[in-house]
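Secondary and tertiary structure notes
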Amino acid sequence: MVRSSGIAAFNHPEDFNQSITVYRHELKMVLYISDIKCSLNEAEEAKYHKEGFKKLPVDLNLGSKGNTIYLWYKESECSAITRIQFSFTDKMKEGLVAEGYHKVDKNLNAGNCGSPIYLWFYKGSSLYDVPIVDLRLSSDAAEDARYVQPLWERLPCDLNRRAGGKWIYLWVKRETQTYICDIDATSDSALDANLFNQGYIRMDEDTNRDARGAYVFLWYRQTTDSQNAIKVLQVSTTKEDKESYMNQKYDQVQTNMNEGTKGTPVYVWYKKNDCSKDPISFVTLILDPAAVQPYEKAGVDVIQKNLNEGNSGIIEYLCYN
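Attention in this report is confined to the structure presented alongside it. (Residues numbered from 1 in each chain as written. Predicted model: local features only at pLDDT ≥ 70, side-chain atom pairs only at ≥ 80, totals over all residues. Heavy atoms only, no water.)

Section: helix α3 (residues 90-98)
So the rule is basically this: Throughout this description, buried means an accessible area under 20% of the type-specific maximum (1.4 Å probe, protein chains only), exposed means over 50%, and partly exposed covers the range between. A helix here means a DSSP run of H or I that spans at least four residues, while a strand means a run of E at least two residues long, and both kinds are numbered starting from the N terminus. Note that the arc is defined by the directions from the helix axis to the C-beta atoms. The contact definition used throughout considers only heavy atoms, calling two residues in contact when any of these lie within 4.5 Å.
The set of residues buried in α3 consists of M92, G95 and L96. Seen along its axis, α3 keeps its buried residues to an arc of 100°; they face one direction. In α3, the exposed positions angled more than 90 degrees off the buried face are occupied by D90, V97 and A98. Lining the buried residues of α3 we find β6 (83-87), β8 (118-122), α5 (192-197), β13 (201-202) and β14 (217-223). Backbone geometry just downstream of α3 places G100 in the positive-phi region, at approximately 80°.

Things to note about the environment of N67
Rule in force here: Counted as a polar contact is a pair of N or O atoms within 3.5 Å, where, for protein atoms, one must be capable of donating a hydrogen and the other of accepting one, and residues adjacent in sequence contribute only when both atoms are in side chains.
With respect to the secondary-structure elements, N67 resides in the loop between β4 (54-56) and β5 (70-76). Judged by its relative accessible area of 27%, N67 falls in the partly exposed class. The sequence separation of N67 and A110 amounts to 43 residues, and the corresponding C-alpha distance is 6.0 Å. Discounting chain neighbours no more than four positions away, the residues touching N67 are L40, D59, N61, A110 and G111. At 3.3 Å, the side chain of N67 and the backbone oxygen of L40 are in polar contact.

Quick look at empty space enclosed by the protein
Definition in use: Computed over the protein atoms alone on a 1 Å grid, cavities are sets of points where a 1.4 Å probe fits but cannot get out and pockets are open sets with protein on both sides within 12 Å along at least five of seven lines; a residue lines them when it has an atom within 4 Å of a point. Grid points are joined across faces, edges and corners, and a volume is the space filled by probe spheres set on the points. Polar here means any residue outside two lists: the nonpolar Ala, Val, Leu, Ile, Met, Phe, Trp, Tyr, Cys and Pro, and the charged Asp, Glu, Lys and Arg; Gly therefore counts as polar.
Under the criterion given, the structure shown has three cavities of 30 Å³ or more. Empty space within the largest cavity amounts to approximately 50 Å³. Forming the boundary of the largest cavity are I84, Q85, F86, L155, P156, C157, I201, R202, M203, D204 and Y220. Sorting the residues of the lining of the largest cavity by element identifies β6 and β13 as the ones contributing at least two each. Broken down by element, the residue count for the lining of the largest cavity peaks at three residues, all from β6. Its residues assigned to classes, the lining of the largest cavity shows eight nonpolar, one polar and two charged.

Remarks on the side chain of D206
This is how the line gets drawn: Neither His nor the chain termini are counted; the positive set is Lys and Arg, and the negative set is Asp and Glu. Should a side-chain nitrogen of Lys or Arg be within 4 Å of a carboxyl oxygen of Asp or Glu, the pair is scored as a salt bridge.
Note on placement: D206 falls in the loop between β13 and β14. Of the side chains with opposite charge, R161 comes closest to the buried, unpaired D206, at an N-O distance of 5.3 Å. Within the local environment of D206, its side chain forms a polar contact with the backbone nitrogen of V216, the two atoms lying 2.9 Å apart. Residue contacts for D206: discarding those within four places in its chain leaves F88, R161, A214, Y215, V216, F217 and E316.

Thoughts on the nonpolar core
Convention followed: The nonpolar core is taken to be a set of buried Ala, Val, Leu, Ile, Met, Phe, Trp, Tyr and Cys residues, with the residues joined through side-chain atoms within 4.5 Å.
I84, L159, L170 and L233 are the most contacted members of the largest nonpolar core, which has 68 residues in total. Those residues in contact with L159 that sit more than four places away from it in its chain are L60, L71, F86, L108, N109, I117, L137, I168 and L170. V148, W152, Y169 and V292 belong to the second-largest nonpolar core, a separate cluster that totals 16 residues.

What to know about the sheet that holds strand β20 (residues 317-320)
Which entries qualify depends on this criterion: Criterion used throughout: strands pair if DSSP finds at least two bridges between them. The axes used here are C-alpha line fits, helices contributing only the stretch in contact, and every angle between their N-to-C directions lies in the interval 0 to 180 degrees.
Read from one edge to the other, the open sheet built from three strands follows the order β18-β20-β19, with strand pairing classed as antiparallel. Single-partner strands in this sheet number two, and they are β18 (283-286) and β19 (301-303). For this sheet, the mean inter-axis angle between neighbouring strands, taken without regard to orientation, is 25°. Where β19 meets β20, three bridges bridge the pair, whose relative direction is antiparallel.

That is the geometry; function is a separate question.
Take a look at the structure:
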């Protein structure tokens, strides 16, 4: 090969082929998650394998009765999935349908008495949409905590919900680091479509679970700009808490996490302008008591104030990294 005026000229075909090989090695193409499937039997497993899908090797019914269920994903250089949601009630589906989310039409709890869970995904291009490049499943508290690392985030819907098996969670890895820039909450599903349209991700676990109140969900929005990120989260369960956070100039999420119950009014608070804190990159819910210690050991701030304070609901903690 010779060069003239900065342009490469190849005297032999093998020079060209070698150059292309080196170029491809140096230029690592980013592969995005572009499709997701769910198999309920061996025939479907064989079908998705033949179609080029990769299997996440954790049975979603692990520890419970029912079908052997696996999630499968396909990678490509374009058409990236940017948001993944779950539904376990009919009301949770309405906003997803209205905003054009794609439903994977297989019950992730098929064959048992657990909540009928469906996975939905969306391919967005807004400022709040960052491509997903990898997926993982965790099935115990220690494994769950090991995934707490840069680029990864845990979706808070237990995929064995009410089935009596292992706590199973889906983790997603983003192409670039994201930070939590906005947080909100709803107690009325009529608001869902508008929040999805604005780029919010719903935390798909009811903060009123088993408390016989309204379905209450926390929501967050992401940014790649660390300067616009939330720095601290808090939870108030008493009047004294509320006064303290107001005096410290926290902003309050207006929806009561205990809406419609006889429990203590519980509110989430956040602050962006605390220069002593790092930006929050990860927020989720803990319902498994065994997960608290491994999470704290992994450097996660677990706010040990029950979102179901004062009622008969399951203990839930908000946590962030």
